[in-house]
Amino acid sequence: MSEITSESLGGIGQSVKRKEDLRFILGKGSYVEDFYLPGMVYGCVVRSPFAHAKINGIDSSEALKVPGVMAVITAKELEGANLSWMPTLAGDTQAVLADKKVHFQSQEVAFVIGETQYAAADGAEAVEVDYEELPVVVDPFKALDPGAPLLRDDKEGQKDNHIFNWQAGDKEATEKAFQNAEVTVSQSTHYQRCHPAPMETCGCVADVNPGTGRTTIYITSQAPHAHRTVLALVSPLKEHTTRLVSPDLGGGFGNKVPVYPGYILATVASLTLGLPVKWIETRSENIQSTGFARDYHTTMELAATKDGKITALRVKTLADHGAFNAQANPMKWPAGLFSICTGSYDIPNAHVEVDAVYTNKAPGGVAYRCSFRVTEASYAIERAVDLLAGELKMDPVQLRKKNFIQPDQFPYTSVTGWEYDSGDYEKAMQVALDLVGYEDLRKEQAEKRAKGELMGIGISSFTEIAGAGPRKDFDILGLSMNDGAEIRVHPTGTVTARFGVKSQGQGHETTFAQILAEELGLPEADILVEEGDTDTAPYGLGTYGSRSTPVAGGAAVLAARKVREKGMKIAAHLLEVSEADIEWKNYQFQVKGAPAKAKTMAEVAFAAYTNAPPGEEVGLEATYYYDPPNFTFPFGTYICVLDIDNKTGEFKIRRFVAVDDCGTIINPMILEGQIHGGLTEGLAIATMQEIRFDDQGNCLNGSFMDYLLPTAVEVPNWDLDRTVTPSPHHPIGAKGVGESSNVGSPAAIVNAFVDALSHLGVTNIEMPVTPWKIWQLLHEKGVA
Amino acid sequence: MSKKRMVNATINGREQTLLCDNRMSLLDALRDAAGLTGTKEGCLTGDCGACSVVMNGKLVDSCLVMAAEAEGAAITTVEGLAIGSDLHALQQAFLAEAALQCGVCTPGFLVASKALLDRNPDPTEHEIRYWLAGNLCRCTGYQKILEAVQSAAAQLRDNPR
């Protein structure tokens, strides 16, 4: 028999081709939109044209006359079922359909069901709503003004528009460090409101079957189990008879974590009509009403010695949460993991403070390709360090090196309380510097400057925090943030494995099969991974915050090891030795000291069903729910090199080097794709994406015509490299990678822009950095 | 006037008669009436290219074409690229290069890339980037897509299908 190797199995570290891709390239993916059930009808949401208005009445009579319109649902119809309001993930309440007033433009006001999507849309047009406009709060800084209109007068005891104040670190010690500092820098900045805008919008097909008593909802959900539990808690639906199926998802990036009114409305409509109801958002509905991200107005300050040792960090943020506090964050952490903002640096004093307010904008605050506000944190510290470097006239590389947490300091506890698992920041940085040719670039920049040409080099040495999370601290609406894996080894040695997380394109069907191949000694091709169906998948809180590999990956490994434990008994029985004489080695069960006497997992699996040891339960299955002992802390250094046209402000990214360290790598090919995608979204945030409003709260760019996503023309070729520093607490040392590149890249890009213009006295440019903004700066400085 | 009409078109080489609402887009006709759900809706405004199909030799956004306009037309969708289990060179290259992640934009990219290579068998990277600028991808950052299109182009030049 030939030797079993990781390579022959397609185990950890192999660039196995993605199992999910064949169906996609054939056009045979199965997304929510692709479900057509017999008798299915369509729902369309009537949305508010105003950002803040009283509703004096809703008249559905004309809508009901439209041919093909079957029903109109308003808040009044929902009240009977106590469903006109629903809880948000942050424990606030959100109107499913506006009852007394609307709080943001595009808010859900009524739901029209039609025989076709065209009839439903016509019906929605014909619903007449009598609005009485109210004063609008758009600017979050004015939300707390005395006399500002009270937006959430529906909430008992709510006297103003303040949601919470949250602090971390030591305020007193930090203030003292600032008072005694030799140098301080301060910068206010706005991490602008963005939208994840996955290519597939949100939607569902709800099928309440009066015959079977079962409710099936095909839904664009990154967390189907959590969503089902929420539905069961707030509605008459029971968890055991309700099945949520999250099929192929067309991207998510955090957008598909919250529960949206449309899901509830389609389900209520199906219950009312006894027919399956399909509701799919348009792109504009997606951008204007579902979970936005960021919108942090932050002042970041550093205190340091003259020779560049950082002594304190102070961060103060005003967070615009929109009309309902619907951000996706663990209950105890209203600003998520934002206090990771000391980043990669050994900073002895820090204080972080976040105030959140209501405004007349869409609710959200989702973790857009990041782990709960870590992107905002990373941007703040990486911009602040560059600002300090500018103030000290120090090279930003040297300043970072001087302040990095050193390899021998791990596990490192930050002043804001996070225990970093492992890292070697300078090593990753050095790889990046060598790859990009840093010294030569600085020389070239100096030469160009002498000629009046503009070139920028931007660095970001970020640390992420991923894998939420340990249950002692982390939950969503009380549900522990742990995740399950269930493995069934069939008699012929093939495997069905199910998970509580849910891929949206990350390639779980491949990577989880690889982890199991490595642990079980069976080829990845013989391992089928299933996710997303609450009828079959073990419980889990879903995929976001780069938690699939750190949490569900851990569950996969430990479930597989349970299978192996049982396999030891069976192998001992087959080999007629005691269990103590068996070891798992070379991907098989071997007799210690006599490796020729061995049984493969497939042989053991067959015996598990045909020849189990006396007294032993038949079968070979295991389930494990993994509670991670800590977060993982991926890190890296990114370097962006760009050239700016000194007359027009147009720019071109010449080179972008990304060195990532996400611990153990499961599939290098998939890893590259994840990093490419995250970098591209980082570029989008740094240079294009911003949801804008006028002073009446009208969204100014609710389509792909004006909410810009990068195309193949704007995106450079990314230069990737890596270091590998395994996580000491994760069963296979993996840290997760899907989001690091989106966390680390905006600061690298903005630092490059500022660096290009720093000799002109420019210290900050707000995202998105556009040629127009650059031209204005150049014009101000008399260059263009 | 009737609210519906019959539309006769040759879709992926097969003559079909579809009963379409007068206001129906070609995208909805393909998905809802012909059952070809490989073509995706990403924006309905012609900005994302997820609904790309070839109609009478031209690459179009099927969300911006009325179904009625397809009367008598020859249409190729993603489902028409493979012949049986024999994948088109582009499909093979997309698999080999992992040029997709969530897969929603992929049918549009495949159809648009085929339209490019049918016209220009040896495009430069610059030409590929500009040709595909009408197709948005949120997952891949385009790099592996570009590599796949280049690799398929080379494959097809050696061994035209």
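Definitions and cut-offs
Residues numbered from 1 in each chain as written. Chains lettered and ligands numbered in written order. Predicted model: local features only at pLDDT ≥ 70, side-chain atom pairs only at ≥ 80, totals over all residues. Heavy atoms only, no water. Pairing = 2+ DSSP bridges. Helix = DSSP H or I, 4+ residues; strand = E, 2+ residues; numbered from the N terminus. Polar contact = N/O pair within 3.5 Å; in protein donor to acceptor, adjacent residues only side chain to side chain. Contact = heavy atoms within 4.5 Å. Axes fitted to C-alpha atoms, helices over the stretch in contact; angles between N-to-C directions. Salt bridge = Lys/Arg side-chain N within 4 Å of Asp/Glu carboxyl O. Buried < 20%, exposed > 50% of the residue type's maximum accessible area, 1.4 Å probe, protein only. Buried area = accessible area lost by both parts, 1.4 Å probe. Disulfide = S-S within 2.5 Å. pLDDT = per-residue confidence, 0-100. Domains from an automatic or database assignment. Phe/Tyr/Trp six-rings, centres within 6.5 Å; stacked < 30°, edge-to-face > 60°.

1. A word on the sheet that holds strand β6 (residues 101–102) of chain A
The strands making up a sheet are joined through hydrogen bonds of the backbone, oriented either antiparallel or parallel.
Residue and element names in this part refer to chain A.
Here comes step 1: Spatial ordering of the open sheet is given by β6-β2-β8, a layout of three strands whose pairing is antiparallel. In this open sheet, the two strands that pair with only one neighbour each are β6 and β8 (128–133).
Here comes step 2: Bridge analysis of strand β2 (residues 53–59) against β8 gives six bridges, and the strand direction is antiparallel. Bridging across to β8, lysine 54 finds its partner in glutamate 132.

2. Quick look at the side chain of Asn646(A)
Residues and elements named next belong to chain A.
Here comes step 1: Here asparagine 646 is to be found in the loop between β31 (635–644) and β32 (651–661).
Here comes step 2: For asparagine 646, the side chain forms a polar contact with the main-chain oxygen of glycine 452, separated by 2.8 Å.
Here comes step 3: Excluding residues that lie within four positions of it along the chain, asparagine 646 makes contacts with Gly452, Glu453, Leu454, Leu778, Val783 and Ala784.

3. Section: unusual backbone geometry
Residue and element names in this part refer to chain A.
Here comes step 1: A cis amide bond, omega -5 degrees, links phenylalanine 410 with the succeeding residue proline 411.
Here comes step 2: In this chain, alanine 468 is followed by glycine 469 through a cis amide linkage whose omega measures -20 degrees.
Here comes step 3: Its location among the elements puts glycine 469 in the loop between β21 (454–463) and β22 (475–476).
Here comes step 4: Located in the positive-phi region is arginine 369, a residue other than glycine, with phi close to 45 degrees.
Here comes step 5: Topologically, arginine 369 is positioned in the loop between β18 (364–366) and α10 (374–392).

4. Topic: the sheet that holds strand β2 (residues 14–21) of chain B
Residue and element names in this part refer to chain B.
Here comes step 1: If you walk across this open sheet you meet the five strands as β2-β1-β5-β3-β4, and the pairing is mixed. Two strands close off the open sheet at either side, each with one partner strand: β2 and β4 (58–61). Each strand of the sheet is rotated relative to its neighbour by a mean of 40 degrees, with strand direction disregarded.
Here comes step 2: With two bridges connecting them, strand β3 (residues 52–55) and strand β5 (residues 74–76) associate as antiparallel partners. When the bridges of β5 are listed, methionine 55 appears paired with isoleucine 75.
Here comes step 3: Taken strand by strand, helix α1 (residues 26–33) contacts β1 (4–11), β2, β3 and β5, and its axis lies near 105 degrees from that of β2.

5. Considering the pattern of salt bridges
Here comes step 1: Throughout the structure, instances matching the rule amount to 54 salt bridges over all chains.
Here comes step 2: One salt bridge in this structure joins Glu382(A) and Arg400(A), with 2.8 Å as the shortest N-O distance. Of this pair, Glu382(A) sits in helix α10 while Arg400(A) is found in helix α11 (residues 396–403), placing the two residues 18 residues apart along the sequence. Both residues of the pair, Glu382(A) and Arg400(A), count as buried.
Here comes step 3: Here Glu486(A) ties to Arg488(A) by a salt bridge, and the two come within 3.3 Å at their closest N and O atoms.
Here comes step 4: With a relative accessible area of 14%, Glu486(A) lands in the buried category.
Here comes step 5: Within this structure, Glu33(A), Asp34(A), Arg31(B) and Lys40(B) form a network of salt bridges that share partners.

6. Things to note about the interface of chain B and chain A
Here comes step 1: Counting residues at the interface gives 43 residues for chain B and 53 residues for chain A.
Here comes step 2: Looking at the side of chain B facing chain A, the largest losses of area belong to Gln101(B), Arg138(B) and Gln143(B), adding up to 19% of the total buried there.
Here comes step 3: The tally of links between chain B and chain A comes to six salt bridges.
Here comes step 4: Between Asp34(A) and Lys40(B) there is a salt bridge whose closest N-O contact spans 2.5 Å.
Here comes step 5: Between the two partners, chain B and chain A, sit 28 residue pairs in polar contact (both at pLDDT 80 or more).
Here comes step 6: Secondary structure elements with two or more residues in the side of chain B that touches chain A: α1, α2 (89–97), α3 (106–119), α4 (125–131) and α5 (143–158) of chain B.
Here comes step 7: Looking at which element gives the most residues to the side of chain B that touches chain A, the answer is α2(B), with four residues.

7. Some words on the state of the cysteines
Residues and elements named next belong to chain B.
Here comes step 1: Counted according to the given criterion, the structure contains zero disulfides over all chains.
Here comes step 2: Here cysteine 48 is not cross-linked by a disulfide; its sulfur's nearest cysteine counterpart is in cysteine 43, at 3.8 Å.
Here comes step 3: Cysteine cysteine 139 remains unbridged, with the sulfur of cysteine 102 as its closest cysteine sulfur at 3.9 Å.
Here comes step 4: Residue class for cysteine 139 comes out buried when judged on its relative accessible area of 4%.

8. Focus: the confidence of the model for chain B
Here comes step 1: Summarising the model, chain B shows a mean pLDDT of 96, and 98% of its residues fall at 70 or more.
Here comes step 2: Of the two predicted TM-score estimates for the complex, the pTM is 0.97 and the ipTM is 0.98.

9. Details of the domain arrangement of chain B
All names here are of chain B.
Here comes step 1: Here the domain parsing of chain B yields domain 1 (4–80) and domain 2 (89–158).
Here comes step 2: Taking the mean C-alpha position of each, domain 1 and domain 2 sit 21 Å from one another.
Here comes step 3: Every contact between the two is made by 15 residues of domain 1 and, on the other side, 13 residues of domain 2.
Here comes step 4: Summed over both partners, the interface of domain 1 with domain 2 buries about 1000 Å², with 65% contributed by carbon and sulfur atoms.
Here comes step 5: Of all residues in domain 1, Cys48, Leu59 and Val78 bury the most surface against domain 2, accounting for 42% of the area lost on that side.
Here comes step 6: Here domain 1 and domain 2 share zero salt bridges between them.
Here comes step 7: Put simply, domain 1 and domain 2 have five residue pairs in polar contact (both at pLDDT 80 or more) between them.
Here comes step 8: For the side of domain 1 that touches domain 2, the secondary structure elements donating two or more residues are β3 and β4.

10. A short note on α2(B)
Here comes step 1: By the burial criterion, the buried members of α2(B) are Ala89(B), Leu90(B), Gln91(B), Ala93(B) and Phe94(B).
Here comes step 2: In the core, the buried residues of α2(B) are packed alongside α2 (21–25) of chain A together with α3 and α5 of chain B.
Here comes step 3: In the stretch just after α2(B), Ala98(B) is the one whose phi turns positive, near 55 degrees.

11. Observations concerning the packing of aromatic side chains
Here comes step 1: Under the defined criterion, the tally for this structure stands at 29 aromatic pairs over all chains.
Here comes step 2: The interplanar angle of 85 degrees and the centroid separation of 6.4 Å between the aromatic rings of Phe104(A) and Phe324(A) together place this pair among those described as edge-to-face. Of this pair, Phe104(A) sits in the loop between β6 and β7 (108–114) while Phe324(A) sits in the loop between β16 (310–320) and β17 (350–357), placing them 220 residues apart in sequence. Of the two residues, Phe104(A) and Phe324(A), neither departs from the other in class, the shared state being buried.
Here comes step 3: Residues Phe109(B) and Tyr142(B) carry aromatic rings whose centres are separated by 6.1 Å and whose planes lie at 55 degrees to one another, so their mutual orientation is tilted. Placement of Phe109(B) in helix α3 and of Tyr142(B) in the loop between α4 and α5 is noted, with a sequence separation of 33 residues between them. Comparing Phe109(B) with Tyr142(B), the two get one shared label, buried.
Here comes step 4: Linked through ring pairs, Trp166(A), Trp333(A), Trp418(A), Phe474(A) and Phe631(A) together constitute an aromatic cluster.

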